[in-house]
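# Structural characterization, general
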Amino acid sequence: MSSNDVLGRTEGGDLRLARLSKRYGSFTAVDDLNLTVPQGSFFALLGASGCGKTTTLRMVSGLEEPTTGQIFLGDDDVTDRKPYRRPVNTVFQNYALFPHLDIFENVAFGLRRRGVKDVKKQVGDMLGLVELGHLAKRKPNQLSGGQQQRIALARALINQPQVLLLDEPLGALDLKLRRQMQIELKRIQLEVGLTFVHVTHDQEEAMTMADTIAVMNAGRIEQMGSPAELYENPRTTFVANFLGRSNLIPGTVEGVSGDVVTVAAHGQRLTLDAGRCRTTSGPVILGVRPEKVQIARTADEVPAGFNSLTGGKVVDTSFIGVSTQYLVELASGEELSVFEQNTGREIQRPGSEVLVYWDPGQGFGLEGGQDIEAGAELDEESAA
């Protein structure tokens, strides 16, 4: 069964936000946002509490009125339309199912409200899409959290929206079920081909499902791109710290030769690809993800051409099955995180004298002068 068989929908268009702002008195929740969400994509607005992501979603749905700016769906300006006149539906964290109705009638609710008489096929198809047709006669309180979330999704999709808004939809689920539902949501989105806009504070959730992520900070988009692009090439310390974990090393650019930037840091020379460095002179912050860094006991173990920092000491070792996570203190007092896959190598104990090293092609360079801790505390809060 194709997505059009299930939804019977007409083509819409991209969701476009043009200079969208929302102010509450002197507080600016969303600040001059310009954003295009391509039709049929799975798009994530990622950020910590208070960054403006939920306010943005509520303006798209019509539950909040913008202070300035416009909202377009295709060529239609929907900025001033009432929520029920927009081809948009929202799935909330709390599911909002009707407890007195069975599952069939919960899904059929929107059709019956519009006066559709024969709902059996559409509801059956939609329950089949979320793989819960066998539970049609049960009440919501007889379903698990994951099943209730899928029913909430079916109830929203049956209304044939151009855009489906997902407001922290998996936040109430436990970790194992949340991961299962991430896969399930992506499967459904690919099958129906609708535009999904997903608001979340969970970096893993955004990276698992979204084609494109917009990282929001203080009402603005800090950086937008594919999960791999944001992770491998963050533009700011905020993105480097908030999306995953990064080792950020302050240094100074010594020179550029061809496609190689040389950086002085911790009394040693380090290199990185010029295409991955956002400055070519003055202060620089060299970044490298913990899983790209390895540990050696002697300089002989470091491959030729790799960056290395000597004089390190292991101060913490955590064995977590697939990998061992180290905290290595450099002679300068700075600490670097190292995630090494467990492949049978000897595990270094706290107190071990080590070097850390990495492939120069896997580092990135950010403009110096930024707050090196930006986004780190928010990341910890989001993970809590």
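Reading guide: rules and limits
- Every residue gets a number counted from 1 within its own chain, in the order that chain's sequence is written.
- Thresholds applied to this predicted model are a pLDDT of at least 70 for local features of residues and 80 or more for the giving and counting of side-chain atom pairs; totals over whole chains, interfaces and linings are not thresholded and use all residues.
- To get the side-chain values, all heavy atoms of the structure are used, and hydrogens and water are removed first.
- Strands are runs of DSSP state E lasting at least 2 residues, helices are runs of H or I lasting at least 4, and numbering of each runs from the N terminus.
- The rule is simple: take the accessible area with a 1.4 Å probe, protein chains only, and divide by the maximum for that residue type; under 20% is buried, over 50% is exposed, in between is partly exposed.
- In this analysis, two residues are considered to be in contact whenever any of their non-hydrogen atoms come within 4.5 Å of each other.
- For the area figures, the Shrake-Rupley method with a 1.4 Å probe applies, and any residue is considered shielded solely by the protein chains shown.
- Neither His nor the chain ends is counted toward charge; the positive residues are Lys and Arg and the negative residues Asp and Glu.
- To locate a charge, take atom NZ for lysine, CZ for arginine, CG for aspartate or CD for glutamate.
- UniProt positions are given in the numbering used here, feature names are shortened, and annotations may be inferred rather than shown by experiment.
- Note on definitions: salt bridges are taken to be side-chain nitrogens of Lys or Arg within 4 Å of carboxyl oxygens of Asp or Glu.
- We define a polar contact as two N or O atoms separated by no more than 3.5 Å, with the added condition that, inside protein, one atom must be a possible hydrogen donor and the other a possible acceptor, whereas residues neighbouring each other in sequence contribute only through side-chain atom pairs.
- Patches here are clusters of residues that have more than 30% relative accessible area and form no salt bridge, with a 9 Å joining cutoff for like charges and a 5 Å cutoff for nonpolar side chains (Val, Leu, Ile, Met, Phe, Trp, Tyr).
- To estimate how far a helix should extend, the number of its residues minus one is multiplied by 1.5 Å.
- DSSP-based pairing: two strands are paired if at least 2 bridges between them are found.
- Axis definition: a line fit to C-alpha positions, over the contact stretch in the case of helices; interaxial angles, taken between N-to-C directions, run 0 to 180 degrees.
- An angle below 35 degrees is treated as roughly parallel, one above 145 as roughly antiparallel, one from 65 to 115 as roughly perpendicular, and anything else as oblique.
- Throughout, a crossing is termed right-handed when the near helix is turned clockwise from the far one, and left-handed when it is turned anticlockwise from it by less than a right angle.
- In the scheme used here, Gly and all other residues not listed as nonpolar or charged are polar, with Ala, Val, Leu, Ile, Met, Phe, Trp, Tyr, Cys and Pro taken as nonpolar and Asp, Glu, Lys and Arg as charged.

Before going further, it helps to examine the overall build of the protein chain. Regarding its fold elements, the protein chain presents ten helices and 20 strands. Along the first, second and third principal axes, the C-alpha set of the protein chain runs to 75 × 45 × 35 Å. Evaluated residue by residue, the protein chain yields a buried proportion of 49% over its 384 residues. Taking contacts inside the protein chain between residues at least 6 apart in sequence as the whole, the part at least 24 apart equals 68%. A total accessible area of about 17700 Å² is found for the protein chain, and carbon and sulfur atoms account for 47% of it. Between the averaged position of the 39 positive side-chain charges in the protein chain and that of its 49 negative side-chain charges there is a distance of 10 Å.

A word on unusual backbone geometry. Of note, A218 is a non-glycine position whose phi angle comes to about 55 degrees, a positive value. By the element assignment, A218 lies in the loop between β9 (212–217) and β10 (220–225). When its relative accessible area of 57% is taken as the criterion, A218 is described as exposed. Located in the positive-phi region is H266, a residue other than glycine, with phi close to 55 degrees.

UniProt feature "domain: ABC transporter" (unreviewed entry): in the numbering of this structure it lies at residues 15–243. The span residues 15–243 is 35% helical and 27% strand by assignment, and the distance between its end C-alpha atoms comes to 25 Å.

Below, the discussion takes up the pattern of salt bridges. In the structure shown here, the tally under the stated rule is 17 salt bridges. Notably, a salt bridge pairs R112 with E105, separated by 2.8 Å at the nearest N-O pair. Given a relative accessible area of 38%, R112 falls into the partly exposed group. Of the charged contacts, one joins K186 and D211 as a salt bridge, the two residues approaching to 2.9 Å between their closest N and O atoms. A residue pair is termed long-range when its members are at least 10 positions apart, and K186 in helix α6 (residues 175–192) and D211 in the loop between α7 (203–209) and β9 qualify at 25 residues. The network of salt bridges with common partners includes E131, R150, E184, R187 and E191.

Turning to its location among the elements, R276 is positioned in the loop between β13 (268–273) and β14 (283–288). Notably, R276 is buried but unbridged: the nearest opposite-charge side chain belongs to E232, and the N-O separation is 4.2 Å. One polar contact links the side chain of R276 to the main-chain carbonyl oxygen of E232, over a distance of 3.2 Å. At 2.7 Å, the side chain of R276 and the backbone oxygen of G363 are in polar contact. Sequence-distant contacts of R276, that is, excluding residues within four places in its chain, are made with E232, N233, G361, Q362, G363, F364 and G365.

Glancing now at a negative patch on the surface. Residues E65, D75, D76, D77 and D80 make up a contiguous surface patch of negative charge. Residue placement: D76 occurs in strand β5 (residues 76–77).

This brings us to the side chain of S246. The residue S246 is located in the loop between α9 (237–242) and β11 (247–257) in this model. At a separation of 2.9 Å, a polar atom in the side chain of S246 contacts the main-chain carbonyl oxygen of A240. A distance of 2.9 Å separates the side chain of S246 from the side chain of R289, its partner in a polar contact. Apart from the residues lying within four places of it in its own chain, the contact partners of S246 are A240, N241, V288, R289, P290 and F364.

This brings us to helix α5 (residues 145–157). With 13 residues, α5 ought to run about 18 Å at 1.5 Å a step, and its terminal C-alpha atoms sit 18 Å apart, in line with that. For α5, the buried fraction is high: eleven of the 13 residues fall into the buried class. Taken as a whole, α5 has its buried residues at G146, Q148, Q149, R150, I151, A152, L153, A154, R155, A156 and L157.

The next point concerns the sheet that holds strand β6 (residues 88–92). In space, the six strands of this open sheet follow the order β6-β7-β8-β3-β9-β10, with mixed pairing throughout. Every interior strand has two partners, whereas the edge strands, β6 and β10, have only one. Strand-to-strand, the axes of this sheet are offset by a mean angle of 20 degrees, without reference to chain direction. Relative to β10, β9 is paired through five bridges, and the arrangement is antiparallel. Following the sheet pairing, A214 is matched in β10 by M224. Across the sheet, α5 lies against β6, β7 (163–167) and β8 (195–200), angled at about 170 degrees from β6, the strand it touches most.

The N-to-C vectors of α5 and α6 enclose an angle of 25 degrees; their axes lie 10 Å apart at closest approach. Here α5 is positioned roughly parallel relative to α6, judged by the angle of their axes. In this structure, α5 meets α6 at a crossing whose hand is right-handed. For the pair α5 and α6, contact is made by G145, G146, Q149, R150, L153 and L157 and by L177, M181, E184, L185 and I188, respectively. Across the contact of α5 with α6, the residue classes break down as six nonpolar, three polar and two charged.

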